Amino acid sequence: VGRLVAEKGLETLLEAVAVLRKKRTVQVILVGDGPLRNKLLTRTYALGISDQVSFKFNIDRSGVSRLLRESQIFVLPSLKEGLPTALLEAMASANTIIASKLPSIEETLGDYGLYFAPGQPQELANLLSEVLSDKELQRSRGHRARQIVEENFGWNIVLPMLEDLYKEVVVE
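Residues numbered from 1 in each chain as written. Predicted model: local features only at pLDDT ≥ 70, side-chain atom pairs only at ≥ 80, totals over all residues. Heavy atoms only, no water.

A. View of the pairing of strand β2 (residues 53–56). Of the two faces of β2, only one is covered, namely that formed by V53 and F55; the face formed by S54 and K56 stays uncovered. Where strand β1 (residues 28–31) meets β2, four bridges bridge the pair, whose relative direction is parallel. The partner of I29 across the bridge, within β2, is S54. (Buried < 20%, exposed > 50% of the residue type's maximum accessible area, 1.4 Å probe, protein only. Helix = DSSP H or I, 4+ residues; strand = E, 2+ residues; numbered from the N terminus. Pairing = 2+ DSSP bridges.)

Here's what the structure looks like:
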């Protein structure tokens, strides 16, 4: 979910799906649009995984929410990242999160994320295989991801912080 740009590391995800293809079938949905649209489509066909990867280029927010609720696993293969909204949305949807090992993502998910080195499709494929084979792992990690969002990013937490920020700005 997001912009189709190089720093999102989506080629790593496609390569991981190609590695997994030999062991199991997975269905991947890439949501978003951007300058890498045609390159990613071409790469999907070149890797022989076009039957396992679908693209949703123009989808509204409610459609994104529906897809996240229907998913069990969310992969964030970014090469660099701040705090992506898509990550928080996936966590709120109780998805198991597999993500690049980046400081901002680790800070958000802590021990409840499953991490791989950025740009390493084999590591990502190994994690996907493990998670796909373990429904209890999916359930427990997804449940905890949702709790983290509720505890740290709910309106009851964020609104007082915003109020304090506005008060600081007004006083200055």
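B. Examining helix α7 (residues 135–153) more closely. Here α7 contains 19 residues, and its C-alpha end-to-end distance of 26 Å stays within 8% of the 27 Å for a straight helix at 1.5 Å per residue. Within α7 the residues assigned to the buried category are L137, Q138, G142, R144, A145, I148 and V149. Taken around the axis of α7, the buried residues stretch over an arc of 165 degrees, which confines them to a single face. Lining the buried residues of α7 we find β3 (73–76), α4 (85–92), β4 (96–100), α5 (103–109), β5 (114–116) and α6 (121–132). Two or three places before E136, at the start of α7, stands the capping residue D134, its side-chain oxygen 3.2 Å from that residue's backbone nitrogen. (Expected span 1.5 Å × (residues − 1). Arc of directions from axis to C-beta. Contact = heavy atoms within 4.5 Å. Polar contact = N/O pair within 3.5 Å; in protein donor to acceptor, adjacent residues only side chain to side chain.)

C. Seen up close, the side chain of S100. The residue S100 is located in strand β4 in this model. Setting aside anything within four residues of it in sequence, one finds S100 in contact with L76, P77, S78, I105, Y115, F116 and P118.

D. Focus on the packing of α6 against α7. Remark: α6 packs on α7, axes separated minimally by 6 Å, with the N-to-C direction vectors making an angle of 100 degrees. As the angle between them shows, α6 and α7 are arranged roughly perpendicular. Of α7, the residues touching α6 (which contributes E130, V131 and L132) are K135, L137 and Q138. Split into classes, the residues belonging to the contact of α6 with α7 amount to three nonpolar, one polar and two charged. (Axes fitted to C-alpha atoms, helices over the stretch in contact; angles between N-to-C directions. Parallel < 35°, antiparallel > 145°, perpendicular 65-115°, else oblique. Nonpolar A, V, L, I, M, F, W, Y, C, P; charged D, E, K, R; others polar.)

E. View of the pattern of salt bridges. On inspection of all chains with the given rule, the structure shows 13 salt bridges. For E15, the salt bridge goes to R43, with nearest N and O atoms at 3.4 Å. Placement of E15 in helix α1 (residues 10–20) and of R43 in helix α2 (residues 37–46) is noted, with a sequence separation of 28 residues between them. Residue classification places R43 among the partly exposed positions, given a relative accessible area of 27%. (Salt bridge = Lys/Arg side-chain N within 4 Å of Asp/Glu carboxyl O.)

F. Looking closely at a nonpolar patch on the surface. There is a patch of nonpolar side chains on the surface, built from L159, L162, L165, Y166 and V169 and spanning about 480 Å² of accessible area. Position of Y166 among the secondary structure elements: in helix α8 (residues 155–171). Exposure remark for Y166: the relative accessible area of 56% places this residue in the exposed category. (Patch = residues over 30% accessible without salt bridge, like charges linked within 9 Å, V, L, I, M, F, W, Y side chains within 5 Å. Areas by Shrake-Rupley, 256 points an atom, 1.4 Å probe, with all protein chains shown as cover.)

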